[in-house]
Amino acid sequence: IHDDSFLKIVRQLEFWHSNVEQGLGDDELLALAERLAKIASWRENVDDVSIPEEEKLKIPKVRFGRTELQMPIITCGGMRIQETWIPDTVPLLKSNKSKVVKSASQDNLKDVILCCLKVGLNHFETARFYGSSEVQFVDALCNLIDEGKIKRSDFIFQTKIGLLSNTKTADFAKYWEASWTNV
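Residues numbered from 1 in each chain as written. Predicted model: local features only at pLDDT ≥ 70, side-chain atom pairs only at ≥ 80, totals over all residues. Heavy atoms only, no water.

Draft legend 1. Representation of the nonpolar core in the model. One finds Ile113, Phe124, Phe137 and Leu141 to be the most contacted residues of the largest nonpolar core, which totals 16 residues. Of all elements in the fold, only α5 (104-118) and α6 (133-146) reach the threshold of two or more residues within this core. Contact partners of isoleucine 113, with chain neighbours within four places excluded, come to Phe124, Phe137, Ala140, Leu141 and Leu144. In terms of nonpolar packing, the next biggest core, distinct from the first, is built from five residues, Ile9, Leu13, Leu29 and Leu32 among them. (Core = buried A, V, L, I, M, F, W, Y, C linked by side-chain atoms within 4.5 Å. Buried < 20%, exposed > 50% of the residue type's maximum accessible area, 1.4 Å probe, protein only. Helix = DSSP H or I, 4+ residues; strand = E, 2+ residues; numbered from the N terminus. Contact = heavy atoms within 4.5 Å.)

Structure, rendered in structure tokens:
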């Protein structure tokens, strides 16, 4: 269990032991500790071959609309995974794409993607105005495909183009083309 998770478990147990009027009994505290430890160690359990597949964490999926596409009930959003928030719409400020995808956060993103896929979370979404997120997701997914770690059929990728109510057709086309260039 990661140190941060362990600390949170200890704090939970301390709360339930000392801050509740009657507190929890020893058996209840033990059961709570076991449950919290199981939750905190889900990432390691995904790779543990001694644990039966039906006992491992799997994200449920549902049919998407009227299609036969099976979508996870939650998504891995890209709003907070980017190296920089600086938009590529400001020529003097825009980040260097090749520099962004060589950052330390890029390796972390690849690990996040692989971990998500292990638990059945295969829907990755980003947006045109999430800084460098669009570029980073595409680079990470393409690299994982090139490395043979995943296949294109393993995931659903979605990006969005932010439009205002007064957006003109020409502006939409410009935003679309910029986003399409990234993906």
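Draft legend 2. Region of interest: the side chain of serine 105. Tracing the sequence through the fold places serine 105 in helix α5. Under the relative-accessibility criterion, serine 105 is labelled buried at 19%. Discounting chain neighbours no more than four positions away, the residues touching serine 105 are Glu83 and Gln136.

Draft legend 3. Representation of the packing of aromatic side chains within the structure. Scanning all chains against the criterion turns up six aromatic pairs. Ring centres of phenylalanine 124 and phenylalanine 137 lie 5.8 Å apart, and the angle between their planes is 50 degrees; this geometry places the pair in the tilted category. A residue pair is termed long-range when its members are at least 10 positions apart, and phenylalanine 124 in strand β4 (residues 123-125) and phenylalanine 137 in helix α6 qualify at 13 residues. For phenylalanine 124, a relative accessible area of 0% translates into the label buried. For phenylalanine 137, a relative accessible area of 0% translates into the label buried. An aromatic cluster is built from Phe124, Phe137, Phe155 and Phe157, whose rings are joined through pairwise contacts. One Lys or Arg, arginine 128, reaches over the ring of phenylalanine 129 and ends 5.7 Å from the middle of that ring. (Phe/Tyr/Trp six-rings, centres within 6.5 Å; stacked < 30°, edge-to-face > 60°. Lys NZ or Arg CZ within 6 Å of the ring centre and 35° of its normal.)

Draft legend 4. Summary view of the pattern of salt bridges. Under the definition given, this model contains three salt bridges. As a salt-bridge pair, glutamate 125 and lysine 160 come within 2.2 Å of each other at their nearest N and O atoms. Residue glutamate 125 is located in strand β4, and its partner lysine 160 is located in the loop between β5 (156-158) and α7 (169-182); the two are separated by 35 residues in the primary sequence. Note on glutamate 125: relative accessible area 14%, which makes it buried. For lysine 160, a relative accessible area of 29% corresponds to the partly exposed category. The partner of glutamate 147 in a salt bridge is lysine 149, with the nearest N and O atoms 3.5 Å apart. Judged by relative accessible area, glutamate 147 falls into the partly exposed class, the value being 40%. When salt bridges that share partners are traced, they join Lys110, Glu147 and Lys149 into one network. (Salt bridge = Lys/Arg side-chain N within 4 Å of Asp/Glu carboxyl O.)

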